[in-house]
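Chain and residue survey
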Amino acid sequence: MRLLGAFLFLLCACQPLPEVGVEPPYAPVAHTAGVRVVVAGMRSPEGAEPYRVFLGGLEEHLGERVEAFGRRTYAEVLEALRRGEAEMGFLCTLAAGLGVEEGFLDVVLAGETLVPYQSLIVVAEASPYRELAELRGMPFAFTDPLSNTGHAWPRLLARGLGEDFFARAFFTYSHDRALEAVLGGLAEGAAVDRVVYESLGVRGLRVVAQGPVDPPPPVVVPKDLDPELRSRLVRALLRHGATPQGQKALRALGLRGFRPAEEEPYRAVFQRAKEVLP
């Protein structure tokens, strides 16, 4: 069955930008909790355990039940926040910038990352590739259409290398699965978030290009969220992030804590990327 799955994945990789479906890392919806949190699928369901652990410990500091749910794509996470289906979201940098630009999201906190947040282009350690240009026309793993590190910046980096440079690229919908695609020989290269890459400690890969340091993935809330609840959420996140249990879960995510954040840096990332977005 594993060989069959790999074969089907490889067939997909040979088509222009097919979308590889994956299950969301959490329950599909949240109904019964006092606070609903939507989490972007930056990691596969197996790799998302630290998010579940961290959010599970948040209840004690917030004083009410917290339930997390997921969506397959960043666009679907944005839509859940737009519709008021969640009071808080853990989102990627570019998607957050889009929500800020469209006026329905506020950025309240940014993750303090253990390493700089930037895009990495990785290949198998034993491969012959030494620079991005050598990957022209090769099977390539992106993460999500609205990913800054896993899609937009690599496309910006490849400008001038030909319109068909990424003709055989495909989406994996998580950074760890993009890495697995390279390790498994399904892709010759992948674009991923350095924070996730470093926190996973994956061996057998090599970096051939990197993007600029950008504002890290933030915590967001709907713009029309009750101000008192917004303040409580921020205080609870900061308190929980400073506890030993919170620190342990955050380190597994490549974070040391949270800090206050401004919206304009996220809007700027979106403005830079919008010309290469689908």
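See the structure shown above.
Residues numbered from 1 in each chain as written. Predicted model: local features only at pLDDT ≥ 70, side-chain atom pairs only at ≥ 80, totals over all residues. Heavy atoms only, no water.

**Considerations on unusual backbone geometry**
- One non-glycine residue, Tyr173, lies in positive phi territory at about 65 degrees.
- Relative to the assigned elements, Tyr173 resides in the loop between β7 (169-171) and α6 (175-183).
- Its relative accessible area of 4% is what places Tyr173 among the buried residues. (Helix = DSSP H or I, 4+ residues; strand = E, 2+ residues; numbered from the N terminus. Buried < 20%, exposed > 50% of the residue type's maximum accessible area, 1.4 Å probe, protein only.)

**A look at the pattern of salt bridges**
- As enumerated under the stated definition, the model contains 17 salt bridges in all.
- Measuring nitrogen to oxygen at the nearest pair gives 2.6 Å for the salt bridge that ties Arg36 to Glu87. You can see Arg36 sitting in strand β1 (residues 35-40) and its partner Glu87 sitting in the loop between α3 (74-82) and β3 (88-90), a full 51 residues away along the chain.
- Its relative accessible area of 12% is what places Glu87 among the buried residues.
- With a shortest N-O distance of 3.3 Å, Arg65 and Glu67 are connected by a salt bridge.
- For Glu67, a relative accessible area of 15% gives the class buried. (Salt bridge = Lys/Arg side-chain N within 4 Å of Asp/Glu carboxyl O.)

**Describing the packing of α3 against helix α4 (residues 93-102)**
- Viewed as axis vectors pointing N to C, α3 and α4 meet at an angle of 35 degrees, and their least axial separation amounts to 10 Å. Our pair here, α3 against α4, has a crossing hand that is right-handed. Along its contact with α3, which presents Tyr74, Leu78 and Arg82, the element α4 presents Ala95, Leu98, Gly99 and Glu102.
- Taken together, the residues of the contact of α3 with α4 sort by class into four nonpolar, one polar and two charged. (Axes fitted to C-alpha atoms, helices over the stretch in contact; angles between N-to-C directions. Left-handed = near helix turned anticlockwise from the far one by under 90°. Contact = heavy atoms within 4.5 Å. Nonpolar A, V, L, I, M, F, W, Y, C, P; charged D, E, K, R; others polar.)

**Remarks on the sheet that holds strand β6 (residues 140-142)**
- With mixed pairing, five strands are arranged side by side in an open sheet as β7-β6-β8-β5-β9. Every other strand in the sheet has two partners, leaving β7 and β9 (205-210) as the edge strands with one partner each. Sheet twist, expressed as the average angle between the axes of neighbouring strands with direction ignored, equals 30 degrees.
- Summarising the sheet, β6 and strand β8 (residues 189-193) pair through two bridges and their orientation is parallel. Bridging across to β8, Ala141 finds its partner in Ala190.
- In the packing of helix α5 (residues 148-157) onto the sheet, the strands contacted are β5 (119-124), β6, β7, β8 and β9, and the crossing angle to β8 comes to about 120 degrees.
- Sheet strands in contact with α6 are β5, β6, β7, β8 and β9, and its direction is about 155 degrees off that of β8. (Pairing = 2+ DSSP bridges.)

**Observations concerning the packing of aromatic side chains**
- Taken as a whole and judged by the stated rule, the model has eight aromatic pairs.
- Centroid distance Phe90 to Phe258: 6.4 Å. Interplanar angle 65 degrees. Geometry classified as edge-to-face. Placement of the pair is Phe90 in strand β3 and Phe258 in strand β11 (residues 255-260), with a sequence separation of 168 residues. We note that Phe90, like Phe258, is buried.
- For the ring pair Phe171 and Tyr173, a centre distance of 5.9 Å and an interplane angle of 40 degrees mean the geometry is tilted.
- Here Phe171 falls in the buried class, since its relative accessible area comes to 4%.
- By way of ring pairs, the aromatic residues Phe140, Phe142, Phe165, Phe166, Phe171 and Tyr173 are connected into one cluster.
- Across the ring face of Tyr173, the terminal group of Arg72 is positioned such that the distance to the ring centre comes to 4.7 Å. (Phe/Tyr/Trp six-rings, centres within 6.5 Å; stacked < 30°, edge-to-face > 60°. Lys NZ or Arg CZ within 6 Å of the ring centre and 35° of its normal.)

**Focus: the sheet that holds strand β4 (residues 105-113)**
- Sheet architecture is open: six strands sit in the order β2-β1-β3-β10-β4-β11, paired in mixed fashion. Of all the strands in the sheet, the pair left with one neighbour each is β2 (66-71) and β11. Looking at each pair of strands side by side, their axes are set apart by 25 degrees on average, direction ignored.
- In terms of strand pairing, β1 meets β3 through three bridges, oriented parallel. If you follow Val37 over to β3, its bridge partner there is Met88.

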